[in-house]
Amino acid sequence: MLFAIVLPAHAGIANAPGANLEISLITYGPGDTYWERFGHDAIELRDTVSGEAFNFNYGVFDFDESGFLLNFARGRMHYLMDAAPTTLDENWYIQAGRSVTRQRLALAPDQAAALRDFLLWNLRPENARYDYDYYVDNCTTRVRDALDRALGGVLKTQLTARPGGMTYRQQTARLMSAQPWLMLLLDVGLGPYADRPLNAWQESFLPGVLSRELATVQLVGAQGTHPLVTDTDLIAPNRLNTPPATAPDLRLPLAMAGLALAVVLLLARRLWPTGFSLLGSLYLVLAGLAGIGLLVLWLLTTHHAAWANANLLLFNPLALLLLPAAWRARRGLPATRFADIVLLVQLLALLAAVLLHLLPGTVQQNQPWLLFAMPVWLAMAMSLRGGRMNAPAG
């Protein structure tokens, strides 16, 4: 497929002098499917003499690759560079209802030729594959880096000097807010890495941010300073629901959810013991499985954005050890000494999570999950200990 794309390109853009090459950044708006929510982009090379135009992008992956799902789970995702005629590429996104924006870039002829040569080299089968990372090595950072390479490092110099607007966590929550359960799953799984302050260069891992930041870049030439982006065309408007401009604040919703669950647990413990056992067991199973997932992400994968996650103090495999105590409560039996010890350890972990968050210099912003877990664990402790307090002496 790659050879089939490259061969026709040699009739025009592959041999055109740099003065005949027009370079543009093509930005595609977010789609409806979860892997499309971050948007996409490509570098367009256009031969102004022949009219031939190709889009080069870094966003191809193969579900049929041997071990794809296992590699994906372990954080070893293999992506490919690809190229396609501009019209064919853009029409697919237009038909999907996603916006298409073209920004023409003021590259000098030698810079345009160097970018073309690099992209064609990168397109070769032996060079096209790369190890994907959501935040630091994705389809947009590869486009950004290729443009920066052609411009002699101007992009990185200027964008690194400017602060970013959001963190990785905030951008992720903002873009995934249309799928609330997936957004919550990603949020609980992100560790302190996702909360580091970003500069504009780092935040340009997103197509929309890169497009916005390129519009601010200034180049110095023989005629003085001039903007990198010479003009911007909206080729197709967005026909889908657009992500919000800011990340949703999860603190109040999760605090209310945790408080409501705690109240229901306490009422069920008094009025419907079987209901308490069922609901309490469901919470313990989910908390335990979440803890196992967080441990696996930290210890067995290369998903560095999930490492050292303080949410392990709130949701961990210890919760599974309390399942027998939840079902003993259904029969009015007190918690065992073992369950008492596990509860004590969990409450100490909860206290450690609160103190860790209050320490100066704390990076991870997991307040929503603290506000959710605190009332629930306190309600579970009161309910499970309630059996011991109400048990007859002897």
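Residues numbered from 1 in each chain as written. Predicted model: local features only at pLDDT ≥ 70, side-chain atom pairs only at ≥ 80, totals over all residues. Heavy atoms only, no water.

Asks: How should I be thinking about the overall build of the protein chain in this particular structure?
Replies: The helix and strand tally for the protein chain stands at 16 helices and 9 strands. Looking at the protein chain as a whole, 49% of its 394 residues are labelled buried. Pairs at least 24 residues apart make up 77% of the contacts formed inside the protein chain by residues separated by at least 6 positions. The average position of the 29 basic charges and that of the 29 acidic charges among the side chains of the protein chain differ by 17 Å. (Helix = DSSP H or I, 4+ residues; strand = E, 2+ residues; numbered from the N terminus. Buried < 20%, exposed > 50% of the residue type's maximum accessible area, 1.4 Å probe, protein only. Contact = heavy atoms within 4.5 Å. Lys, Arg positive; Asp, Glu negative; His and termini not counted. Charge placed at Lys NZ, Arg CZ, Asp CG, Glu CD.)

Asks: How should helix H15 (residues 337–358) be read in this particular structure?
Replies: Two residues of an α-helix separated by three or four positions point the same way, owing to the 3.6 residues in each turn. Across its 22 residues, H15 extends 32 Å between first and last C-alpha, which sits within 8% of the 32 Å expected from 1.5 Å per residue. Within the sequence span of H15, burial applies to Ala 339, Asp 340, Val 342, Leu 343, Gln 346, Ala 349, Leu 350, Ala 353 and His 357. (Expected span 1.5 Å × (residues − 1).)

Asks: Hey, could you run me through helix H11 (residues 207–214) in this one?
Replies: With 6 of its 8 residues buried, H11 lies for the most part within the structure. For H11, the full list of buried residues reads Pro 207, Val 209, Leu 210, Ser 211, Glu 213 and Leu 214.

Asks: Where do I start with the confidence of the model for the protein chain in this structure?
Replies: For the protein chain, the mean per-residue pLDDT works out to 91, and 91% of the residues sit at or above 70. In the predicted structure, residues 1–10 sits below a pLDDT of 50 and forms 19 contacts with residues beyond four places in sequence or in another chain. This model gives residues 388–394 a pLDDT under 50, and the stretch forms 7 contacts once residues within four places in sequence are excluded. (pLDDT = per-residue confidence, 0-100.)

Asks: Is there a simple way to explain the packing of aromatic side chains in this structure?
Replies: Where two aromatic rings form a pair, the distance of their centres and the angle of their planes describe that pair. Evaluation of the coordinates by the stated rule reveals 17 aromatic pairs. Their ring planes at 90° and their centres at 5.3 Å tell us that Tyr 135 and Phe 205 sit as a pair that is edge-to-face. Of this pair, Tyr 135 sits in the loop between strand E6 (129–132) and helix H6 (139–150) while Phe 205 sits in the loop between helix H10 (200–203) and H11, placing them 70 residues apart in sequence. For Tyr 135, a relative accessible area of 7% gives the class buried. A relative accessible area of 1% places Phe 205 in the buried class. When the ring of Phe 315 is compared with that of Phe 372, the centres are 6.5 Å apart and the planes differ by 45°; the resulting orientation is tilted. Here Phe 315 is found in the loop between helix H13 (273–299) and helix H14 (323–330), whereas its partner Phe 372 is found in helix H16 (residues 367–390), with 57 residues between them in sequence. (Phe/Tyr/Trp six-rings, centres within 6.5 Å; stacked < 30°, edge-to-face > 60°.)

Asks: Is there a simple way to think about the packing of H6 against H11 in this case?
Replies: A pair of packed helices is captured by two measures, namely the crossing angle of their axes and the spacing between those axes. Running from amino to carboxyl end, H6 crosses H11 at an angle of 25°, the nearest separation of the two axes being 9 Å. The angle between the axes of H6 and H11 places the two elements in the roughly parallel class. You can see that H6 and H11 cross each other, and the crossing is right-handed. For the pair H6 and H11, the contacting residues are Thr 140, Val 143, Arg 144 and Leu 147 in the first and Pro 207, Leu 210 and Leu 214 in the second. The class makeup of the residues in the contact of H6 with H11 is 5 nonpolar, 1 polar and 1 charged. (Axes fitted to C-alpha atoms, helices over the stretch in contact; angles between N-to-C directions. Parallel < 35°, antiparallel > 145°, perpendicular 65-115°, else oblique. Left-handed = near helix turned anticlockwise from the far one by under 90°. Nonpolar A, V, L, I, M, F, W, Y, C, P; charged D, E, K, R; others polar.)

Asks: Looking at this structure, I do not really get the layout of surface pockets. What am I missing?
Replies: Over the atoms rolls a probe the size of a water molecule, and its path tells where empty space is left. Considering only enclosed or pocket space, the second largest pocket measures out at about 570 Å³ in volume. Lining the second largest pocket are 16 residues, and of these Trp 181, Leu 184, Leu 286, Trp 369 and Phe 372 lie nearest its centre. Elements with a minimum of two residues in the lining of the second largest pocket: helix H9 (180–189), helix H12 (251–271), H13 and H16. Of the residues forming the lining of the second largest pocket, the biggest block, 6 residues, is contributed by H13. (1 Å grid on protein atoms, 1.4 Å probe; cavity = no way out; pocket = protein on both sides within 12 Å on 5 of 7 lines; lining within 4 Å. Points joined across faces, edges and corners; volume = space filled by probe spheres on them.)

Asks: Just to check I follow, could you spell out the sheet that holds strand E9 (residues 229–236) for this structure?
Replies: What links the strands of a sheet is backbone hydrogen bonding, and the strands pair in either a parallel or an antiparallel sense. What the 7 strands build is an open sheet, ordered E6-E4-E3-E2-E1-E5-E9; its pairing is antiparallel. Each of the sheet's edge strands pairs with one partner strand only, and the pair in question is E6 and E9. Neighbour-to-neighbour, the strand axes of the sheet open up by a mean angle of 25°, direction not taken into account. Sitting on the sheet, helix H4 (residues 109–123) is in contact with strand E1 (21–28), strand E2 (40–47), strand E3 (53–60) and strand E4 (77–85), with an inclination near 50° to E3. Strands in contact with H6 are E1, E2, E3, strand E5 (100–105) and E6; relative to E2, the strand with the most contacts, it is inclined by about 40°. (Pairing = 2+ DSSP bridges.)

Asks: Any chance you could explain the nonpolar core here in plain terms?
Replies: A general feature of soluble globular proteins is that nonpolar side chains tend to end up buried together. Membership of the largest hydrophobic core comes to 50 residues, with the highest contact counts inside it found for Tyr 283, Leu 284, Leu 314, Phe 315, Trp 377 and Met 380. Those elements that provide at least two residues to this core are helix H8 (168–176), H9, H12, H13, H14, H15 and H16. The dominant element in this core, judged by the number of residues it contributes, is H16, at 10 residues. Excluding its chain neighbours within four sequence positions, the residues that come into contact with Leu 284 are Ala 319, Leu 320, Leu 322, Leu 323, Ala 326, Trp 377 and Met 380. Listed in part, the 42 residues of the second largest apolar core include Ile 13, Leu 45, Leu 210 and Leu 228. (Core = buried A, V, L, I, M, F, W, Y, C linked by side-chain atoms within 4.5 Å.)

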